[in-house]
Amino acid sequence: MNIKRFILLTTVLVLVASCNSGDRGQLVGVQGKKWHPEKPYGMTLVPGGAFIMGKSDDDIAGVKDAPTKTATVRAFYMDETEITNSEYRQFVFWVRDSILRYKLAEMADLEGKTPGNGDIGEFAYLDANPEELNAYESYMQNTYGNEQRKINRDAELYFATDDYPDELYAEVMDGMYLPLEESYNGQRTWDVKQFKFQYTYMDIAKAAKDRSLKRSEVIQQEEVEIYPDTTAWIRDFAYSYNEPMHNDYFWHDAYGDYPVVGVSWKQAQAFCQWRTLYHNGYQRSKGKQPVNSYRLPSEAEWEYAARGGLQGASYPWGGPYTKNDRGCFMANFKPLRGDYAADQALYTVEADAYDPNDFNLYNMAGNVSEWVNGSYDPASYEYMSTINPNVNDPENSRKVVRGGSWKDVAYFLQVSSRDYEYADSARSYIGFRTVQDYMGTEVTKNAATN
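All figures in this text were calculated on a predicted structure; none of them were measured in a lab.

A. Spatial organisation of the sheet that holds strand β11 (residues 430-431). Strand order in this open sheet of 4 strands is β10-β9-β8-β11, and the pairing throughout is mixed. Of all the strands in the sheet, just β10 (419-422) and β11 have a single pairing partner and so form its edges. Along the sheet, helix α8 (residues 265-285) contacts β8 (369-375) and β9 (398-402); its crossing angle with β8, the most-contacted strand, is approximately 85°.

In structure tokens:
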């Protein structure tokens, strides 16, 4: 071969290789989609930083479960308000409708009904019409069979009896309600015991402790009844007339913006799982990357957020007083030896009532106590880590609640006060809010003030 021709051919090959890769033969890493942090709706960014965790004043109650220590937490998003009845109802309705669609699809499958006739067949599994499935869904159906069947979420559900398309639909709907003998005043009531949410998660802590475990051995499955326990309004207060709150508080639009109560720690965890599932479903539909999981805050995260950047404060607004300079109470609690009305509320108030703290978080003191993702141990501050500290023992069913509520005295409103309730218990004074990890580490409170 002519030497000039060889050099020319080599040069062309190098140029072609360089043009195809775009990296000129250099180590530039895998180029994915550009990431833009997106603040979730209704949340605020809490910048990471260090703070003095624990009692900043005398331990009047003598509990001695919150000695001071320096703790550091990473940045995270947090709900500006407690989760409201309206927001939790969205979860309940999604679960109810999913179960209903599944039962309709099962009935359509049993009766051999398919879409196109305006009857229950409109709710048939999507694989009843193979044209509705993409290549991956067809593969999953052929490989794993009925376990991967996909319900039709596009068909409109009918709840008015006059709109039922056929008798099979009516039969399925009838099974979603309590029996007639358990109804009264001519009203059919949903059988909320059927409203169960199933989810799976990976127990990373268990996997880290025992590396010999297979992946399948650390995947846990949960099934939770998710409807709030409205009887908590009656059960929590003996010899007290709270029937109106039991009857109306959760479902009536008048209380839509009030914090949900009667939700156990397990139900709060299920809500976090659903919110993640729901958000990532939208992300996938738009070809976007998945978001971080929603979860309950750790105890350290909750206290750091409640302080709002104030070091050594007793309350989210500073302290040590519960009134402002105009003599108005700054939170919803039990003041003046039990004068519940003195703070302008008898029970709960709207989730965005009163002034927010410096992180724009509402009602971090009072209104309802809040579940956190931690187990109560009086000595936990002594042995937990100083960076992103958290103690959550699966064997300990006593879960920490923070912030105090509408029925608590001022002591429990202090940002450092700790209390607990059992994970499967639901109370008329306990709610929750969620957090989401921030992607990145550059946002810190310390950096912003130095």
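B. Broad picture of the pairing of strand β4 (residues 76-79). Residues Phe 76 and Met 78 line one face of β4 and the alternating positions Tyr 77 and Asp 79 line the opposite face, and both faces are buried. In the sheet, strand β1 (residues 43-46) pairs with β4 via 4 bridges, with the strands oriented antiparallel. Among the inter-strand pairings, Met 43 is bridged to a residue of β4, identified as Asp 79. Here β4 pairs with strand β12 (residues 435-437) via 3 bridges, running antiparallel.

C. Quick peek at the nonpolar core. Counting 50 residues, the largest nonpolar core has Tyr 88, Phe 91, Leu 104, Phe 197, Ile 226, Trp 371 and Phe 432 as the members making the most contacts within it. Counting residues per element, the ones that place at least two in this core are α2 (85-110), α4 (167-174), β5 (196-202) and α8. Ranked by the residues each element gives to this core, the list is headed by α2, at 9 residues. If we ignore the near neighbours within four places in the chain, the residues touching Phe 432 are Glu 82, Ile 83, Tyr 88, Val 260, Val 263, Ala 268, Phe 271, Leu 296, Glu 370 and Trp 371. Ala 66, Ala 300, Phe 359 and Met 384 belong to the second-largest nonpolar core, a separate cluster that totals 24 residues.

D. Inspection of empty space enclosed by the protein at higher detail. A full pass over the atoms with the stated rule returns 2 cavities of 30 Å³ or more. What lines the second largest cavity is Glu 299, Ser 375, Ser 380, Pro 389, Asn 390, Val 391 and Arg 418.

E. Region of the structure containing a nonpolar patch on the surface. A contiguous nonpolar patch, built from Tyr 136, Tyr 139 and Tyr 144 and spanning about 380 Å² of accessible area, is present on the exposed surface. Within the element layout of this structure, Tyr 144 appears in helix α3 (residues 135-144).

F. Looking closely at the sheet that holds β1. Across the sheet, 4 strands lie side by side as β1-β4-β12-β7; this open sheet has antiparallel pairing. Edge positions in the sheet fall to β1 and β7 (294-295), since each has one partner strand and no second. The sheet strands contacting helix α9 (residues 299-307) are β1, β4, β7 and β12, and the helix crosses β4 at an angle near 75°.

G. Fine view of the side chain of Lys 69. When you line up the elements, Lys 69 lands in strand β3 (residues 69-73). Buried charge without a partner: Lys 69 forms no salt bridge, and the closest opposite charge is Glu 382, 7.1 Å away. A polar contact is formed between the side chain of Lys 69 and the backbone oxygen of Tyr 381, at a distance of 3.0 Å.

H. Quick look at the pattern of salt bridges. Scanning all chains against the criterion turns up 20 salt bridges. A salt bridge links Asp 79 to Arg 275; the shortest N-O distance between them is 3.0 Å. Of this pair, Asp 79 sits in strand β4 while Arg 275 sits in helix α8, and the two are 196 residues apart along the sequence. With a relative accessible area of 5%, Asp 79 lands in the buried category. Here Asp 127 ties to Arg 149 by a salt bridge, and the two come within 2.6 Å at their closest N and O atoms. Of this pair, Asp 127 sits in the loop between α2 and α3 while Arg 149 sits in the loop between α3 and α4, and the two are 22 residues apart along the sequence. On the accessibility criterion, Asp 127 (14% relative accessible area) is buried. One salt-bridge network, in which partners are shared between bridges, spans Glu 299, Glu 303, Arg 307, Arg 402 and Arg 418.

I. Focus on the packing of α2 against α4. At a minimum axis separation of 10 Å, α2 and α4 run at an interaxial angle of 135°. As summarised for this structure, α2 and α4 are arranged oblique, according to the angle between their axes. Read as a crossing pair, α2 and α4 show a hand that is right-handed. In this structure, α2 contributes Leu 100, Lys 103, Leu 104 and Met 107 to the contact, and α4 contributes Leu 168, Tyr 169, Glu 171, Val 172 and Met 173. Broken down by class, the residue content of the contact of α2 with α4 amounts to 7 nonpolar, no polar and 2 charged.

J. Geometry of the environment of Thr 322. In this structure, Thr 322 sits in the loop between α9 and β8. With 115 residues separating them along the chain, Thr 322 and Ala 207 place their C-alpha atoms 46 Å apart. If sequence neighbours within four positions are ignored, Thr 322 has contacts with Tyr 315, Trp 317, Cys 328, Phe 329, Met 330, Phe 333 and Ala 410.

K. Here's a closer look at the packing of aromatic side chains. One pass over the full model with this rule turns up 40 aromatic pairs. Measuring from ring centre to ring centre gives 4.9 Å for Tyr 376 and Tyr 420, while their planes differ by 25°; the resulting arrangement is stacked. Separated by 44 residues along the polypeptide, Tyr 376 in the loop between β8 and α10 (380-383) and Tyr 420 in strand β10 bring together distant segments of the chain. Judged by its relative accessible area of 8%, Tyr 376 falls in the buried class. When its relative accessible area of 30% is taken as the criterion, Tyr 420 is described as partly exposed. Taking the ring centre of Tyr 420 as reference, the NZ or CZ of Arg 398 above it sits at 4.7 Å.

L. Just the environment of Leu 277, in detail. Inspection of the secondary structure assignment puts Leu 277 in helix α8. For the pair Leu 277 and Thr 348, spaced 71 residues apart in sequence, the C-alpha separation works out to 29 Å. Among residues more than four places away in sequence, those in contact with Leu 277 are Trp 94 and Phe 197.

M. View of the side chain of Thr 44. Of note, Thr 44 is situated in strand β1. Within the structure, the side chain of Thr 44 is placed 3.4 Å from the backbone oxygen of Phe 359, a separation counted as a polar contact. Non-local contacts of Thr 44, meaning those with residues more than four positions away in its chain, are made with Lys 39, Phe 76, Tyr 77, Met 78, Glu 80, Phe 359, Asn 360 and Leu 361.

Here is what the cut-offs are and how they apply
- Residues numbered from 1 in each chain as written.
- Predicted model: local features only at pLDDT ≥ 70, side-chain atom pairs only at ≥ 80, totals over all residues.
- Heavy atoms only, no water.
- Pairing = 2+ DSSP bridges.
- Helix = DSSP H or I, 4+ residues; strand = E, 2+ residues; numbered from the N terminus.
- Contact = heavy atoms within 4.5 Å.
- Axes fitted to C-alpha atoms, helices over the stretch in contact; angles between N-to-C directions.
- Buried < 20%, exposed > 50% of the residue type's maximum accessible area, 1.4 Å probe, protein only.
- Core = buried A, V, L, I, M, F, W, Y, C linked by side-chain atoms within 4.5 Å.
- 1 Å grid on protein atoms, 1.4 Å probe; cavity = no way out; pocket = protein on both sides within 12 Å on 5 of 7 lines; lining within 4 Å.
- Points joined across faces, edges and corners; volume = space filled by probe spheres on them.
- Patch = residues over 30% accessible without salt bridge, like charges linked within 9 Å, V, L, I, M, F, W, Y side chains within 5 Å.
- Areas by Shrake-Rupley, 256 points an atom, 1.4 Å probe, with all protein chains shown as cover.
- Salt bridge = Lys/Arg side-chain N within 4 Å of Asp/Glu carboxyl O.
- Lys, Arg positive; Asp, Glu negative; His and termini not counted.
- Polar contact = N/O pair within 3.5 Å; in protein donor to acceptor, adjacent residues only side chain to side chain.
- Parallel < 35°, antiparallel > 145°, perpendicular 65-115°, else oblique.
- Left-handed = near helix turned anticlockwise from the far one by under 90°.
- Nonpolar A, V, L, I, M, F, W, Y, C, P; charged D, E, K, R; others polar.
- Phe/Tyr/Trp six-rings, centres within 6.5 Å; stacked < 30°, edge-to-face > 60°.
- Lys NZ or Arg CZ within 6 Å of the ring centre and 35° of its normal.

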